[in-house]
Amino acid sequence: MKSAQLELFELFVNREEKERREKFGQASVSYHQASSILTASKGAMGDFDFTLNPYSGCTFACSYCYAAFFTKTDEEQNNWGRWVRVKENALQLLIKYRKKPLYRKSIYMSSVTDPYQPIERELELTRSLLQEFIKYHDIRLVIQTRSPLVARDIELFKQFRDIQVNMSVTTDTEEVRKVFEPVCSSIEMRLKAIRQVREAGINACISLAPLLPIHNAEQFADRLLDTGIQKYYLNSFHMNNSKFVSGTREGAIKLVNDLGWNDYKLNKTVVTLKERLPELRVGGC
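Numbers given to residues run from 1 along each chain, matching the order in which its sequence is written. Reporting in this predicted model follows two pLDDT cut-offs: at least 70 for local features of residues, and 80 or more for side-chain atom pairs to be given and counted; totals over whole chains, interfaces and linings ignore these cut-offs and use all residues. Note: side-chain values were computed over all heavy atoms of the structure, leaving out hydrogens and water.

1. Here's the deal with helix α9 (residues 217-225)
And then number 1: The buried label goes to any residue with under 20% of its type's maximum accessible area, the exposed label to any with over 50%, and the partly exposed label to all in between, with areas taken from a 1.4 Å probe on protein chains only. The helix count covers DSSP runs of H or I at least four residues long, the strand count covers runs of E at least two residues long, and both are numbered beginning at the N terminus. Of all the residues in α9, the buried ones are Ala217, Phe220, Ala221 and Leu224. Seen from one end, α9 has its buried residues packed into an arc of 100°, which puts them on one side.
And then number 2: Looking at the buried positions of α9, the neighbouring elements they touch are α8 (187-199), β10 (204-211), β11 (231-236) and α11 (263-276).
And then number 3: Capping the start of α9 is the job of one residue whose side-chain oxygen sits 3.2 Å from the backbone nitrogen of Glu218: Asn216. The directions from the helix axis to the C-beta atoms are what the arc is built from. What makes two residues a contact is simply this: any of their non-hydrogen atoms within 4.5 Å. Here a polar contact means two N or O atoms within 3.5 Å. Within protein one must be a hydrogen donor candidate and the other an acceptor candidate, and residues neighboring in sequence count only if both atoms are side-chain atoms.

2. Observations regarding unusual backbone geometry
And then number 1: With an omega dihedral of 15°, the bond running from Met109 to Ser110 counts as a cis peptide bond.
And then number 2: The linkage connecting Ala209 with the following residue, Pro210, adopts the cis geometry, with an omega of -5°.
And then number 3: Its place among the elements puts Pro210 in strand β10.
And then number 4: Although it is not a glycine, Glu279 sits at a positive phi angle of roughly 55°.
And then number 5: Positionally, Glu279 belongs in the loop between α11 and β12 (280-282).

3. A closer look at the packing of α9 against α11
And then number 1: Axes here refer to lines fitted to C-alpha atoms; in helices the fit is confined to the stretch in contact. Angles between the N-to-C directions go from 0 to 180 degrees. Interaxial distance between α9 and α11 falls to 9 Å at its minimum, and their mutual angle equals 35°. By crossing handedness, the relation of α9 to α11 is classed as right-handed. Contacts from Ala217, Glu218, Phe220, Ala221, Asp222 and Leu225 of α9 reach α11 at Thr269, Thr272, Leu273 and Arg276.
And then number 2: Broken down by class, the residue content of the contact of α9 with α11 amounts to 5 nonpolar, 2 polar and 3 charged. A crossing counts as left-handed when the near helix is turned anticlockwise from the far one by less than a right angle, and as right-handed when that turn is clockwise. The nonpolar class holds Ala, Val, Leu, Ile, Met, Phe, Trp, Tyr, Cys and Pro. Asp, Glu, Lys and Arg form the charged class, and all remaining residues, Gly among them, are polar.

4. So, the sheet that holds strand β5 (residues 55-56)
And then number 1: Between any two strands, at least two bridges found by DSSP are needed for them to pair. Pairing in this open sheet of 4 strands is mixed, and the strands run β1-β2-β6-β5 from one edge to the other. The open sheet has two free edges, formed respectively by β1 (23-24) and β5, since each of these has just one partner strand.
And then number 2: For strand β2 (residues 27-32) and strand β6 (residues 83-87), the ladder comprises 5 bridges, and the chain directions are parallel. Each bridged residue has a counterpart across the sheet, and for Val29 the counterpart in β6 is Val84.

5. A closer look at helix α5 (residues 125-136)
And then number 1: The first and last C-alpha atoms of α5 sit 17 Å apart over 12 residues, in line with the 16 Å expected at 1.5 Å per residue.
And then number 2: Taken together, the buried positions of α5 are occupied by Leu125, Thr126, Ser128, Leu129, Leu130, Glu132 and Phe133. Each residue after the first adds 1.5 Å to the expected span of a helix.

6. Details of the environment of Ser63
And then number 1: Mapped onto the elements of the fold, Ser63 is located in the loop between β5 and α2 (74-78).
And then number 2: Each C-alpha atom, one on Ser63 and one on Pro182, is 8.2 Å from the other, the two residues being 119 residues apart in sequence.

7. A closer look at the sheet that holds strand β7 (residues 103-109)
Hydrogen bonds between backbone groups are what pair the strands of a sheet, and the pairing can be parallel or antiparallel.
And then number 1: Strands sit in the order β3-β4-β7-β8-β9-β10-β11-β12 across an open sheet of 8 strands; the sheet is mixed. A strand with exactly one partner marks an edge of an open sheet, and here the two such strands are β3 (38-40) and β12. When strand polarity is set aside, the average angle formed by the axes of neighbouring strands in this sheet is 25°.
And then number 2: Sheet contacts for α11: β10, β11 and β12; angle to β10, the most-contacted strand, approximately 165°.

So this is what it looks like as structure tokens:
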């Protein structure tokens, strides 16, 4: 078996051989040495032992993303969705835990980024962390994403004793998706991916959080059920109480007004979804 020192050396060499991207689509890419990779959970994440975020920032650019308001500067917040910072030493930091393996610790990946955002396809940083967990630890893992790329790692997920993959599906129409989640994959692609995860025998859940304007709740519920998923969780989205990333609020408000989406329609939609979806929880999955 390779020593940890040899693995670190190979990681360094491989990283240096790859050309570092400074742009990915419209987003800027930077790299930094993180001080830690596992963060003790608290607050809303208090049910977990740790959160793990392989990246800072997220190029999915969801207009309502709460993570934007935890950034360090106004510039980062105002440019949310147009930058990502790679924690290039994430695997090296996790390797240090081999000395005292993580046994049955619960980890949420990720709380303020998406572990399967577009650049992950190229860097495979999240994938390398999964492989490390499989080889040296025995954890309880929850993965939260809105990316079909998650299906790439199905064979790795099968090797965990305790894992759940959550897929965010927040609306039933591409019109709404394109305004609130402009860089994300289509609804159908996400549903296809989480169906593949479930069909592989992996515990899976669909996150309706936040629930954006819905055109037809009955048909939406049928589409969700067609994936074979049984577990769902929902958080309501209230326009008047929500923050928006700079430059997106007016477009979102216009669309909501054009659709006639209000608290009455929201509440009616929630009731319909509760009637049709088994194991629908409000507030957490």
